[in-house]
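Below are the chains, spelled out letter by letter.
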Amino acid sequence: MSAQAARKITIQLRKGDQVKVMVGRDAGKSGRVLSVNPSKNTVVVEHANIIKRHTRPNPSKNIKGGIVEKEGPINISKVMMICASCGKHTRIGHKISPDGTKSRICRRCGNGLDK
Ligand SMILES: [Zn+2]
């Protein structure tokens, strides 16, 4: 284990988390995290960063042509977790329980973010 290798940002968001988009075209929108990509530091959030894809029909794969709307990846620095307890966007803190388990907490109200 090398200390230098720890330059990578740890993504604290997880699939299913409720987040709010803070900047960009979809600022103010909120939704659930659909997927997390730790190597690119991006998350896909439902209803946010909708990209239109023009697809060609491919009858052998039963794909109809046309415009498909799909969520695109957003950099993690552009979204914030929404706390279920206080209802506000928050930074994620950590709490270590006496039994050694680590859990995520809301920095605003201190309540746990994990169910
Ligand atoms: Zn809170």
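Relevant structure appears above.
Residues numbered from 1 in each chain as written. Predicted model: local features only at pLDDT ≥ 70, side-chain atom pairs only at ≥ 80, totals over all residues. Heavy atoms only, no water.

Colleague: So what's going on with the pairing of strand 2 (residues 30-37)? Residues and values would help.
Modeller: Relative to strand 2, strand 1 (residues 18-21) runs antiparallel, the two being bridged by 3 bridges. Within strand 2, the residue paired with Gln18 across the bridge is Arg32. Looking at chain direction, strand 2 and strand 3 (residues 42-45) are connected through 4 bridges and run antiparallel. Its bridge partner lying in strand 3, Asn37 is registered against Thr42. (Pairing = 2+ DSSP bridges. Helix = DSSP H or I, 4+ residues; strand = E, 2+ residues; numbered from the N terminus.)

Colleague: Report on the pattern of salt bridges, specifying residues and quantitative values.
Modeller: Summed over the entire model, instances satisfying the criterion amount to 6 salt bridges. Between Lys52 and Glu69 there is a salt bridge; the shortest N-O distance is 3.8 Å. Of this pair, Lys52 sits in strand 4 (residues 50-55) while Glu69 is found in strand 5 (residues 66-71), placing the two residues 17 residues apart along the sequence. Using a relative accessible area of 52% as the deciding quantity, one classes Glu69 as exposed. Each of Arg14, Asp17, Arg104 and Asp114 takes part in salt bridges that share partners, so that together they form one network. (Salt bridge = Lys/Arg side-chain N within 4 Å of Asp/Glu carboxyl O. Buried < 20%, exposed > 50% of the residue type's maximum accessible area, 1.4 Å probe, protein only.)

Colleague: Any chance you could break down the coordination of the zinc ion for me, citing the residues and the numbers?
Modeller: The zinc ion binds to the protein through Cys83 (SG), Cys86 (SG), Cys106 (SG) and Cys109 (SG), with metal-donor distances spanning 2.2 to 2.3 Å. Angles of 105 to 119 degrees at the metal separate the 4 donor atoms of the zinc ion, which places the site in the tetrahedral class. For the zinc ion, all donor residues lie on one chain, and their spacing in sequence is C-x2-C-x19-C-x2-C. Overall, the relative accessible area of 35% leaves Cys109 in the partly exposed class. (Donors = N, O, S within 2.8 Å, 3.2 Å for Na, K, Ca; no water. Tetrahedral: all angles 85-135°; square planar, octahedral: opposite > 155°, others 65-115°.)

Colleague: Account for the pairing of strand 10 (residues 102-106), naming residues and giving values.
Modeller: As paired elements, strand 9 (residues 92-96) and strand 10 share 5 bridges and run antiparallel to each other. Residue pairing for strand 10: Lys95 is matched across the bridge by Ser103. Adjacent in sequence and paired antiparallel, strand 9 and strand 10 are bridged by 5 residues, among which Gly100 carries a positive phi angle near 95 degrees.

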